[in-house]
Amino acid sequence: MNATLAPLLDQLKDLAARPLAAASAPPKDLYVLPEICDLEQQRIFAQSWLCAGRADDVAAPGDYMTFELGPQPVIIIRGADGDVYARANVCRHRMMRLVEGRGTSRKFTCPYHAWTYDIAGRLVAAPHMDRTDCFAREDLALATVRCEVFQGWIYVTMSAEIPPVAEQLAELTSLTDRYNQQDYITIFSEEHVWDTNWKCLTENFMESYHLPVAHRSTVGAHYSVEENTFDERGPFAGFTCQFFTKSDGAPVGRAHDDNTSLEGVWRHTSVMPTVFPSHMYVLAPDHLWYLSLQPDGPARTRVRYGAAIAPEKLAGEQDRDAYLATTKAFLDKVQVEDRHVVEGIFNGAASPLGAPGPLSWLERGNHEFAQYLARQLCDH
Ligand code: FES
Ligand SMILES: [Fe+2]
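All values derive from a computational prediction rather than experimental measurement.

Under the definition given, this model contains 17 salt bridges. Between R122 and D118 there is a salt bridge, with its nearest N and O atoms 2.9 Å apart. Residue R146 is joined to E148 by a salt bridge in which the shortest nitrogen-to-oxygen separation is 3.9 Å. Assessed through its relative accessible area of 24%, R146 is described here as partly exposed. By relative accessible area, E148 is classed as partly exposed at 22%. Residues participating in the shared-partner salt-bridge network are E171, D231 and R233.

This is the structure in structure tokens:
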């Protein structure tokens, strides 16, 4: 370990050992030091499943989208057999990036010398290679990247060792299963870059303390912090989760009349899992929205942001276009509010007089996140 990081990691370890009532926010250097960012890349991001989007982002055979998995460009493809695969987005000739963006195709042709791959990643054509003795087409398939679909989410990892997603998130299923979120219909997914550390954004997502204040003109208007409850499992189940209920007058967050699977309080309860390290979503009876984060250095975060709607809710909308436009505009406004605070927090953490203060009971998820970070980053 880098010796200069030792005092900082000791502080993190000490913080993680405290009960919530005695805990403060983590030391500010945790957010700004490039060496921490490198350590996180090795010990967290290279060792975790990261969410690349939703399975219906690539709904039909031949649909594909690109994703940056740390330093590895990836293509996520719906195969001819209906399954979702990931392949390295790197040509087997001289390593050119093969495709950009998203679309539908039966083959991928490299823009450099036109080597062509099918959607299973096999090399099917390579012009002017007939005089090359060492050329063997069958040995030149696109490299495979581990990819699994879990409850409608696509997860990818560079690790060959970590257990399957369903095994890692087995305990989350008991909280999310009842919503049938795999059937929700994606209405948009986008890429953004925010000027903040990824942990500022994760922590912001995990606490509802800011809702009545920073979001007073959007989600804060129908939210009572007193109704916020927490999953009791602690930080080592692979996720943290909290719950909140919506009041009768809330315009969103309640089950549609045609939803026959949710019962009792669950018809107006939302769950908010943070799947470590950086996939977080609000799962409501009628919609979900999500963020999936990756650091781009300590001061920038790549954000995948999207939303999906329960099928019966979407089917019940008379003016579907207007509903989708209103929903997206509302969620975008919430994002603008969050962006303002998480970029502001990062400025504070990078400032000479910035110093972390004590946490509220409503920031329980944040303390669990610090405990997770301590376990991943500190030597045992
Ligand atoms: S690098 Fe792709 S064909 Fe040459
Ligand atoms: Fe927020």
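Only H210 (NE2), H215 (NE2), D338 (OD) and D338 (OD) from the protein reach the iron ion (ligand 2) as donors, at distances of 2.0 to 2.7 Å. Residue classification places H210 among the buried residues on the basis of a relative accessible area of 12%.

Here three strands make up an open sheet; going across it, the order is β6-β7-β8 and the pairing antiparallel. If you trace the sheet from one side to the other, it starts and ends with β6 (107–109) and β8 (123–125), each paired once. Averaged over all pairs of adjacent strands, the angle between their axes in this sheet comes to 35°, without regard to strand direction.

Below, the discussion takes up empty space enclosed by the protein. Applying the stated rule across the entire model yields one cavity of 30 Å³ or more. Roughly 90 Å³ of volume is contained in the largest cavity. Along the walls of the largest cavity sit F205, M206, F230, D231, T240, C241, Q242, M272, T274, R364, G365 and E368, which together make up its complete lining. Those elements that place two or more of their residues in the lining of the largest cavity are α6 (198–206), β13 (239–245), β14 (269–275) and α10 (364–377).

Its boundaries defined by the atoms lining it, the largest pocket holds a volume of some 570 Å³. Residue lining of the largest pocket: 30 residues in total, with V219, H287, W289, F330 and L331 positioned closest to the centre. Taken together, the elements giving at least two residues each to the lining of the largest pocket come down to α6, β14, β16 (287–295) and α9 (320–349). If you tally residues by element for the lining of the largest pocket, the top one is α9, at seven residues. Tallied by class, residues from the lining of the largest pocket come to 18 nonpolar, nine polar and three charged. In this model, the second largest pocket occupies a volume close to 400 Å³. Around the second largest pocket, the lining is made up of 18 residues, and of these A25, P26, Y31, E203 and I345 lie nearest the centre.

Parameters at a glance
- Residues numbered from 1 in each chain as written.
- Chains lettered and ligands numbered in written order.
- Predicted model: local features only at pLDDT ≥ 70, side-chain atom pairs only at ≥ 80, totals over all residues.
- Heavy atoms only, no water.
- Salt bridge = Lys/Arg side-chain N within 4 Å of Asp/Glu carboxyl O.
- Buried < 20%, exposed > 50% of the residue type's maximum accessible area, 1.4 Å probe, protein only.
- Donors = N, O, S within 2.8 Å, 3.2 Å for Na, K, Ca; no water.
- Pairing = 2+ DSSP bridges.
- Helix = DSSP H or I, 4+ residues; strand = E, 2+ residues; numbered from the N terminus.
- Axes fitted to C-alpha atoms, helices over the stretch in contact; angles between N-to-C directions.
- 1 Å grid on protein atoms, 1.4 Å probe; cavity = no way out; pocket = protein on both sides within 12 Å on 5 of 7 lines; lining within 4 Å.
- Points joined across faces, edges and corners; volume = space filled by probe spheres on them.
- Nonpolar A, V, L, I, M, F, W, Y, C, P; charged D, E, K, R; others polar.

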